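Per-entry structural report
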Amino acid sequence: MSRAKVIALRRRREPEFNGDHLFTLLLVLVLLLLACARASAQAPANDNACNATVINLGVNSPFNNTNATSQLGDPAIPAGTCTAQGNWCSGEPAPQASHTVWFKFTVPPTGTGSYAFRVNGTAGTFDSQVALFSAANCADLTNGNAIRLGANDDSTGSLFNSYMTVFCLTPTVTYYIMVDGYATTTSASFYVHVIELSDRNAVANAGADQTICYSLFPTFPVNGTVQGVAGSTAWSSTGDGTFANAASLSTSYTPGLNDKSSGSVQLILSTNDPVGVCGASRDTLVLSIIPDSIYAGADKTICSAEQSIAMTAQAFLFTSYLWTTSGDGTFDDPASLTAIYTPGTNDRLQSFVNLVLRGVSTQCFNTVYDTLKLFNSASPGALVNLGNDTIVCSSGGTISLSALQLSGYSSVNWTGNGTGTFSNPNSVTTNYTFSIDDLNAGVVSISLSAQGVSPCQGIKVDTKQVFIQQPPVIHSITGGGSYCSNTTITVTADVEFYNDLHWSTSGSGSFTSPNDLVSDYNPSAADLSNGFVTLTLIADATSPCNVNTSNAVNVIITPAPVFSINVPSTSCAGNKITLNASVANFQTVNWSSAGDGSFDNPSSTKPAYTPGPLDIASGSVAFTFTVLGNSPCNAFFANGSTIISPNPSVNAGANQQVCTGNTVSVNASVANSSFILWDTDGDGFFFNPNTASTIYIPGPGDYITGSVNLFVAVDGVSPCNSSANDAVLITFIEHAIADAGPDDDIVAGQTVTLDGFAENASANFWTTSGNGTFNNNSLLNAVYTPGSSDIVNGAVTLTLHSTDVAPCNLSDTDQMVVNIFPDGLLAVKIYIEGMYTYPGNVASLFLNNMSADSLRADSVTFSFHDTIPPYASNGNFNTVVGTNGIAIISVPAAYAGHSYYIAVNHRNSIETWTKNPVNISSFGLIDFTASPVMRALGHDKTVKADTSSRY
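This is a predicted model, so every value here is computed, not measured.

Comments concerning the sheet that holds strand S30 (residues 398-401)
The three strands lie next to each other as S30-S34-S33, forming an open sheet whose pairing is antiparallel. Edge positions in the sheet fall to S30 and strand S33 (421-422), since each has one partner strand and no second.

The following block contains the structure:
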């Protein structure tokens, strides 16, 4: 099937339709509308022209126009031949632009200005279409003000990829590229390849047109500029003036006499480089010169075949113009310098008529006239027709030229805008030999000038374009050489002047893009086994050239390393880690780690690794296995890691002090353990001995001993089989014990020195039930002074408080009673003679039939005597002796603090005195029975000297 037929099938076949398909069509339309609605929300950013993506020279990727839409105002592209430059394929379904995305490219300042834009997608999934525009801004792309400079649908040899060539782009100017897809392959990923072509472009700018009065500007300054790349520049003029320096962009021009007489001259700035399809760049500055006159133009001759003739008058800055004639002809616009004059009947009978132009100057302030003569001729004039443009193959080097029509001439001259040569430029038929510049440009304009026969000696010119198609040229193919079997083999060709491309192989692999300049080659298993393959590119000639060309590269394929590694998943801290690798097709291997350990032999496939401290601390180590393949294969890598399980650890916690009677809470810090067990050297037990936090119930022996050791042991987590243990000492603290001491009796006015006692107390203090005061209530032997209420009450209770030592938090108390007597009390122990009954009792009066009281013996009298002679009596006190031999004397408070001899009298006995004075200060005992001689009362006072007493 020919290419034209393939295109017809893919592009132009229209499906048959009948009424039975209506429901299916409606369903498809609904689904498409829903899909479009969803996709629009995810359209790429450069779906909008003003968000065009910047691209640069080289391959730009990846891009995707999935969910892109056609922007309102997207420019339409002409339809035509699919592979032609300047249009897209005919038969494009409406809308022509459906999923457009935009890019923008700025011509580099030193760029050639000539570029190729290739848009490639995956064959069968994206059929690209591309177009290039010039626009002042992005808004012009959708408002109809953009200028289309190029377009392409299919590159030659590829029905899916576009290849657009444009020439003569201006350096530093930004251009816009629109990319779309065709038919069912409208959306997919693609790349845009920008290729700079060898044709260069320089843009000359002579400056804005100017108007001068000759008398005011005898020398005119010019300042030209050049954008792009130019080898050199030169000024020239259409007049007879001169430049101060024609090779300088900034120079001056002195108009000549002809310039003045004509009133205008063109100053032309041109570049002599580059050449090619863009040719030399020229720009013209029109210098208008007001010469104090007006110029109607040179005399003219009107031939018999001409019905009218156009005026070519020149005048500048005149307020009005007016043509008049000496004949009977008419002007279509007498006020126009370019008026067309139609001779009248009488004019044709005359040999000539005068045509006069009058003008009024706005700057030179005068009215001027000029006359030209219009001559009549019976000759029809010259006729030249070269025919249509043509295309030739450059392989011939020469083209034969002749006119399709040529008459009414006296001489001819062949010219061209190229640099080739004519065999005879003044012959009706000639040969033109192309130059290298012509071939590079690809086109040359050929002109034939015919000089008319007198008197119609005007020159008639016709021009046609000769397009030069060169045979295909493969400048180079890159991508040959040595490859590793895992490396992509990419071949790139630099080819010109081809119609189609075909990659082929000596092996059995396949090309990803067999018809593109750039393609990847996928070797087959047989190619890899052979280790060698030849890749050949054939470039088809473009008509009218018919000779194809080819070139090839050789590829050597080296097998890549094949390997696998085995890294243990876990290891115990302190153990070596054994690694293992299986490798083929290699030079060397090397193991490395990300940790601080060491290998016994890192160049071995089975080394042992000793983890370092940082490895163990981090809990893992990562390994990298590096295989250096056989050249040109590079290094290959594989990675693995081992978790390093740390050994178990346990901390039973700090030693504790616990109050006697309380339980003990323990909380061990455990790491990396699979089993835990608590134990004790005491007689208590644990609530749960297999948890880190538990409660110990002390036994009686623990409290008696006063302390106990609690032990905790842990086992490691697989693969670690070690254990760890720790212990904590528990000390038991006893509760405080308070002892306030014995009760006491005092006489009103006296103080009490306390005799308290405490054990296991952190602090002690006294309190009172009365209103007395302590000199320091925190002392165990504090002194208590009874208050008034205490004396009135006759007694006060004092309480000793003892607080536990931490961690115990209780307190103990004990009380003692202080009896306060308002008068002093003395106890006297006496045995009444005749009434003593052994052991230590006295017979009661009841037994003597003297009293019914069985506890009383008899009444006695005590007297207090001064301690100095004459030992006067200070008072007598009658009391009763009990059957226990004790007599109590209540002494008034006035006696307190004084000393007296105390005498005792019984009605039947001799008065007996104490051996020593007795100080009445507190409750006491006077024992008259201490000496055997005192067991019975004596009969005279002399006994006093021998009597002893204890107080």
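Points about the state of the cysteines
Evaluation of the coordinates by the stated rule reveals six disulfides. The disulfide bridge from Cys 50 ends at Cys 138, spanning 2.0 Å between sulfur atoms. Here the S-S torsion is close to 90 degrees, and the disulfide linking Cys 50 with Cys 138 is therefore right-handed. Here the residue Cys 50 occupies a position in the loop between helix H2 (22-40) and strand S1 (53-54), and Cys 138 occupies one in the loop between strand S7 (128-134) and strand S8 (147-152), the gap between them amounting to 88 residues. Here Cys 82 connects covalently by a disulfide to Cys 89, the sulfurs 2.0 Å from one another. The burial state of Cys 82 is the same as that of Cys 89; both residues are buried.

A closer look at the side chain of Asp 153
With respect to the secondary-structure elements, Asp 153 resides in the loop between S8 and strand S9 (162-166). Looking at Asp 153, its side chain comes within polar contact range of the main-chain nitrogen of Cys 89, at 3.0 Å.

Structural notes on the confidence of the model for the chain
Of the residues in the chain, 87% have a pLDDT of 70 or more, and the chain-wide mean is 84. Under a pLDDT of 50 for its full length, residues 847-851 has, in the predicted model, five contacts with residues more than four places off or in other chains. Note that residues 932-951 has pLDDT below 50 and, in this model, 51 contacts with residues that lie over four places away or in other chains.

Details of the packing of aromatic side chains
Inspection of every chain in the model, using the stated rule, returns 31 aromatic pairs. Their ring planes at 70 degrees and their centres at 5.0 Å tell us that Tyr 703 and Phe 732 sit as a pair that is edge-to-face. Of the two residues, Tyr 703 is situated in helix H8 (residues 700-705) and Phe 732 in strand S62 (residues 723-733); the sequence distance between them amounts to 29 residues. The residues Tyr 703 and Phe 732 share a single accessibility class, namely buried. Both rings, one in Phe 864 and one in Phe 877, keep their centres 4.9 Å apart while their planes meet at 55 degrees; by these two values the pair is tilted. With Phe 864 in strand S75 (residues 856-865) and Phe 877 in strand S76 (residues 873-882), the pair connects residues that are 13 residues apart, well separated along the chain. Overall, Phe 864 belongs to the buried group, its relative accessible area being 0%. Given a relative accessible area of 14%, Phe 877 falls into the buried group. Cluster of aromatic residues (ring-pair linked, three or more members): Phe 63, Phe 103, Phe 126 and Phe 190.

Focus: the environment of Ile 886
When you line up the elements, Ile 886 lands in strand S77 (residues 886-891). Look at Ile 886 and you get partly exposed, because its relative accessible area is 24%. The spatial distance from the C-alpha of Ile 886 to the C-alpha of Leu 925 is 9.1 Å, given a sequence separation of 39 residues. Apart from the residues lying within four places of it in its own chain, the contact partners of Ile 886 are Ala 827, Val 828, Lys 829, Val 880, Val 881 and Leu 925.

Points about unusual backbone geometry
Across the junction of Ser 61 and Pro 62, the peptide omega takes the value -10 degrees, indicating a cis bond. One non-glycine residue with positive phi stands out, namely Thr 172, at about 70 degrees. Structurally, Thr 172 is set in the loop between S9 and strand S10 (174-181). A positive phi angle is found at Tyr 871, which is not glycine, with a value near 55 degrees. Inspection of the secondary structure puts Tyr 871 in the loop between S75 and S76. On the accessibility criterion, Tyr 871 (34% relative accessible area) is partly exposed.

Definitions and limits used
- Residues numbered from 1 in each chain as written.
- Predicted model: local features only at pLDDT ≥ 70, side-chain atom pairs only at ≥ 80, totals over all residues.
- Heavy atoms only, no water.
- Pairing = 2+ DSSP bridges.
- Helix = DSSP H or I, 4+ residues; strand = E, 2+ residues; numbered from the N terminus.
- Disulfide = S-S within 2.5 Å.
- Buried < 20%, exposed > 50% of the residue type's maximum accessible area, 1.4 Å probe, protein only.
- Polar contact = N/O pair within 3.5 Å; in protein donor to acceptor, adjacent residues only side chain to side chain.
- pLDDT = per-residue confidence, 0-100.
- Contact = heavy atoms within 4.5 Å.
- Phe/Tyr/Trp six-rings, centres within 6.5 Å; stacked < 30°, edge-to-face > 60°.

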